[in-house]
Amino acid sequence: MAIVSVVSRPFQDQKPGTSGLRKKVKVFQQSHYLENFVQSVFNSLPTDSIGSTLVVGGDGRYYNDVATRIIIKMAAAHGFAKVIVGHNGILSTPAVSCVIRKNKAYGGIILSASHNPGGVDGDFGIKYNIANGGPAPEKITDEVFRISKEITSYKISDVADDKVEITQLGSYKIEGMQVEVIDSVADYAQMLQELFDFDAIRQMFASGFNIRFDSMSAVSGPYATEIVEKQLGATKGSVVNNIPLPDFGGLHPDPNPVNAEDLIKIMYANNAPDFGAASDGDADRNMVVGKSLAVAPSDSLAILAANAKLVPGYKSGLAGVARSMPTSTAVDRVAKELGIPCFETPTGWKFFGNLLDADMATLCGEESYGTGSNHIREKDGVWAIIFWLNILAVTKKSVNQLVEEHWDKYGRNFYSRHDYEAINSELANKLMASLREKITALSGKAFGQYIVDVADDFSYTDPVDNSVSKQQGIRIIFTNGSRIVFRLSGTGTEGATLRVYLEKYEADKTKFKQDTQDALKELIDIAEEVAQIKSYTGMSEPTVVT
Ligand code: G1P
Ligand code: ZN
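All of the points below concern the structure found in this document. As the structure is a prediction and not an experimental result, all values here were calculated from the model. (Residues numbered from 1 in each chain as written. Chains lettered and ligands numbered in written order. Predicted model: local features only at pLDDT ≥ 70, side-chain atom pairs only at ≥ 80, totals over all residues. Heavy atoms only, no water.)

As for the overall build of the chain
The cut-off we apply is this: Runs of E in the DSSP output that reach at least two residues are strands. Runs of H or I that reach at least four are helices, and both are numbered from the N terminus. Throughout, the radius of gyration refers to the C-alpha atoms, and the reference size of a globule is 2.2 Å times the residue count to the power 0.38. Residue burial is assigned from relative accessible area. The probe radius is 1.4 Å, only protein chains are included, and a residue is buried under 20% of its type maximum, exposed over 50%, and partly exposed in between. Two residues form a contact once any of their heavy atoms are found within 4.5 Å. Note that accessible areas follow from Shrake-Rupley with a 1.4 Å probe, and for residues the cover is restricted to the protein chains shown.
For the chain, the helix and strand inventory stands at 18 helices and 27 strands. Computed over its C-alpha atoms, the radius of gyration of the chain comes to 23 Å, within 12% of the 24 Å expected for a compact globule of 546 residues. Based on the C-alpha atoms only, the size of the chain along its principal axes is roughly 70 × 60 × 40 Å. Residues classed as buried in the chain amount to 59% of the 546 residues present. The long-range share in the chain, meaning contacts at least 24 apart out of those at least 6 apart in sequence, stands at 72%. Entry remark: accessible area of the chain is about 20,600 Å², with carbon and sulfur atoms responsible for 49%.

Next up, the structure:
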């Protein structure tokens, strides 16, 4: 066993996006590709990383095991004292964040492409998280990218792959570095027990409440089976598709009504269970579904914020809330009522880290089915679902009742996202450039009854470290509070994806039952008129509407 230096050549395309580096599996399988990126991460770390602990785990997708072993061998060559790795290389993204914090690790590496499809022809991803358990901020990811463009060698232990044991729990050494293979679920489950009233939820299940939790053959399976079925007592079989598969069994584990079609069908049928839930590839996203009602993620965030005090972990109230810019302003209304600040950040969980660390925000969320809190520094799918169950157990209300009562009190923010996927990148960039040119002239312009109040390209100054992130999406805000937002996705691996976010506030109770797309019709037309999406993309309709 020895540490060797391997000569490689730099790749120019290793720029981390909204959430780490994501590419096709085939790209990661190129010689030295993964190793170069990992070495770039290690080279970006200060020398105090030598002798420290690193956490490694992923969502079990294709290439997870291969990459895990490579990273362990490289960590040994970098001089880490210890690597904590999930059993079989498996840890959900929230579990990595939890384990980093619990063990005061230096950081962690997450192997996941989140909700992107898996399998040999699917996507793979790698993300570096820092000591607070959250995604590395842009100043680190920028530095990693810079290094990756110049790197010409990496260091790795030449230990045989079959000596890098990840299938047995326990501890052993490689090049003097300790490798500890841990149960993927235990630490995470314990954390949830400390936050939520498990007894109250257990009683609810014991009295006949039923749930369907669709893990979509992704990593939430073992977590939900242990926590929801074994610890909280939901009927065996309540968690479906609960074995993480390298290709997610061909499912697209993105918990929205389009991709979690099966769950929606069951929840909208007669005799639907009381509660439907789904989560994504790495279990940081969640969808909550009542009987014939898929809860909009922005509403879910607002409802959790409004009811947080009912849950033991949040009983003393919230310091503040935060949402990504495109997320609806439903939570802003709750914050106003509670008299707490509401922060608006760019898209991507990394922007919540500083607010959580500084205790300026306690709950955070994104319209993309992501909700989380200061318990870790990632969004957390299973946590959000248990949060809902805790509120239902305490209030003895149904999902539908809670949502409808929330609308009655605060009004309803009709919300939808229209995605135009896999469009030619050049055309997508042109569309955005032309929008940027148009926005200044939009101010004050009337589109029927919609009058533009503010039109800008969102720029964010982090209130903690004053770092500035520019060009985070075109916002058109109308005088009646309605909004249209345009931005390009930063997580795709094929061409570009244009996201159009539409929001309309409605205070009139008689209109709450309208169909969302009907309620947003005029805004959809204004978006087309302003951005000329059809003529730029050649697409007559979005590919996904959520
Ligand atoms: C998408 C979501 C964003 C989320 C990210 C990672 O990023 O829109 O809210 O933080 O995935 O899960 P996007 O593809 O829009 O850049
Ligand atoms: Zn995810």
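There is more to say, and it comes next.
Remarks on the coordination of the zinc ion (ligand 2)
The criterion, for reference: Listed donor atoms are N, O and S within 2.8 Å of the metal (Na, K and Ca: 3.2 Å). As water is not included, a site may look incomplete. Square planar and octahedral assignments, for four and six donors respectively, both demand that opposite donors be over 155 degrees apart and that all other angles lie between 65 and 115; tetrahedral needs four donors with all angles between 85 and 135 degrees, and anything else is irregular.
Here the zinc ion (ligand 2) is held by the protein donor atoms Ser114 (OG), Asp280 (OD), Asp282 (OD) and Asp284 (OD), which lie 2.0 to 2.1 Å from it. Coordination geometry of the zinc ion (ligand 2): the four donor atoms subtend angles of 87 to 163 degrees at the metal centre, consistent with an arrangement described as irregular. The motif formed by the donor residues of the zinc ion (ligand 2), counted along the single chain, is S-x165-D-x1-D-x1-D.

A look at the pattern of salt bridges
What counts, and what does not: One speaks of a salt bridge when a side-chain nitrogen belonging to Lys or Arg is within 4 Å of a carboxyl oxygen belonging to Asp or Glu.
Applying the stated rule across the entire model yields 30 salt bridges. Ionic pairing is found between Asp13 and Lys23, a salt bridge with its closest N-O pair at 3.9 Å. One end of the pair, Asp13, is in the loop between strand 1 (3-7) and strand 2 (21-24); the other, Lys23, is in strand 2, with ten residues separating them in the sequence. Bridged by salt links that share partners, the residues Arg323, Asp332, Glu344, Asp456, Arg475, Arg483 and Glu503 form one connected network.

Structural notes on the pairing of strand 6 (residues 123-129)
Put simply, the rule reads: Two strands form a pair only when DSSP identifies at least two bridges running between them.
Within strand 6, seven of the seven residues are buried, which leaves it mostly tucked inside the rest of the structure. The side-chain alternation of strand 6 yields two buried faces, one formed by Asp123, Gly125, Lys127 and Asn129 and the other by Phe124, Ile126 and Tyr128. Sheet topology note: the strand 2/strand 6 ladder contains four bridges and is antiparallel. Paired with Lys24 across the two strands is Asp123, which belongs to strand 6. As defined by bridge partners, strand 5 (residues 107-111) adjoins strand 6 across four bridges and the pair is classed as antiparallel.

Digging into helix 7 (residues 198-206)
Under the convention used in this document: Our arc is simply the arc of the directions from the helix axis toward the C-beta atoms.
Within helix 7, burial applies to Phe198, Ala200, Ile201, Met204 and Phe205. Taken down its axis, helix 7 places every buried residue within 165 degrees of arc, on the same side. Structural note: helix 7 exposes Gln203 and Ala206 on the side pointing more than 90 degrees away from its buried face. Just past helix 7, the residue Gly208 takes up positive phi, approximately 110 degrees.

With respect to the sheet that holds strand 9 (residues 177-182)
How we decide: Note on geometry: axes are C-alpha line fits, over the in-contact stretch for helices, and angles between N-to-C directions span 0 to 180 degrees.
The seven strands lie next to each other as 2-6-5-3-4-9-8, forming an open sheet whose pairing is mixed. Edge strands, defined here as strands with exactly one partner in the open sheet, are strand 2 and strand 8 (170-174). The mean angle between the axes of side-by-side strands here comes to 20 degrees, regardless of whether they run parallel or antiparallel.

Structural notes on the packing of aromatic side chains
So the rule is basically this: Pairing of aromatic rings covers Phe, Tyr and the six-membered ring of Trp, with a centre-to-centre limit of 6.5 Å; geometry is then stacked below 30 degrees between planes, edge-to-face above 60, and tilted otherwise.
In this structure the tally under the stated criterion is 16 aromatic pairs. Aromatic side chains Tyr314 and Trp383 sit 6.3 Å apart centroid to centroid with 75 degrees between the ring planes, which places their arrangement in the edge-to-face category. Of this pair, Tyr314 sits in the loop between helix 10 (297-307) and strand 15 (321-324) while Trp383 sits in helix 13 (residues 381-395), and the two are 69 residues apart along the sequence. Residue Tyr314 is classed as buried on the basis of its relative accessible area of 2%. For Trp383, a relative accessible area of 0% corresponds to the buried category. With a centroid separation of 5.2 Å and 85 degrees between ring planes, the pair formed by Trp383 and Phe387 is classed as edge-to-face. You can see Trp383 and its partner Phe387 sitting in helix 13, four residues apart, about one turn around the helix. Phe387 gets classed as buried once you look at its relative accessible area, which sits at 0%.

Some thoughts on the nonpolar core
Nonpolar side chains in soluble globular proteins tend to be buried together. Put simply, the rule is: Only buried Ala, Val, Leu, Ile, Met, Phe, Trp, Tyr and Cys residues count toward a nonpolar core, and they belong to the same one when joined by side-chain atoms within 4.5 Å.
With 75 residues, the main nonpolar core has Leu192, Phe275, Trp383 and Ile386 as its most contacted residues. The element best represented in this core is helix 13, accounting for eleven residues. When neighbours within four sequence positions are excluded, Leu192 is seen to be in contact with Phe198, Ile227, Val382, Trp383 and Ile386. Counting residues in hydrophobic clusters, the runner-up holds 42 residues, among them Val25, Ala76, Val164 and Ile166.

Structural notes on the site of ligand 1
What counts here: Note on terminology: near, applied to a residue and a molecule or strand, indicates that one of the residue's heavy atoms is within 4 Å of it. Any pair of N or O atoms that falls within 3.5 Å is considered a polar contact. Within protein, one atom must be able to donate a hydrogen and the other to accept it, and sequence-neighbouring residues count only if both atoms are side-chain atoms. Each residue receives one of three labels: charged for Asp, Glu, Lys and Arg, nonpolar for Ala, Val, Leu, Ile, Met, Phe, Trp, Tyr, Cys and Pro, and polar for the others, Gly being one of them.
As a matter of local geometry, ligand 1 sits amid 16 residues, with Ser368, Ser489, Gly490, Thr491 and Arg499 nearest to it. Residue Arg285 places a side-chain N or O atom 3.0 Å away from an oxygen atom belonging to ligand 1. Contact distances for ligand 1 include 2.7 Å between an oxygen atom and a side-chain N or O atom of Glu366. Coverage of ligand 1 by the protein chains reaches 99% of its 370 Å² of free accessible surface. Here the shell around ligand 1 is built from residues that sort into no nonpolar, nine polar and seven charged.

Here we look at the sheet that holds strand 10 (residues 211-214)
Here we have five strands laid out as an open sheet, ordered 11-10-12-13-14, and mixed in their pairing. Two strands close off the open sheet at either side, each with one partner strand: strand 11 (239-240) and strand 14 (293-294). Pairing of strand 10 with strand 11 involves two bridges; the strand directions are parallel. Bridge assignment links Asp214 to a residue of strand 11, and that residue is Val240. Here helix 13 sits on the sheet in contact with strand 10, strand 12 (275-279) and strand 13 (286-290), set at roughly 165 degrees to strand 12.

Structural notes on the packing of helix 11 (residues 330-338) against helix 14 (residues 399-410)
Axes are the key here: two packed helices are described by the angle between their axes and the distance separating the axes. Note the following rule: Roughly parallel means an angle under 35 degrees; roughly antiparallel means over 145; roughly perpendicular covers 65 to 115; every other angle is labelled oblique. Here a crossing is called left-handed whenever its near helix is offset anticlockwise from the far helix by less than a right angle, and right-handed whenever the offset is clockwise.
Contact pair helix 11 / helix 14: the axes reach a minimum separation of 11 Å and the direction vectors enclose 70 degrees. When the axis of helix 11 is compared with that of helix 14, the two are roughly perpendicular. Relative to helix 14, the crossing made by helix 11 is left-handed. In this structure, helix 11 contributes Arg333, Val334 and Glu337 to the contact, and helix 14 contributes His406, Lys409 and Tyr410. Across the contact of helix 11 with helix 14, the residue classes break down as two nonpolar, one polar and three charged.

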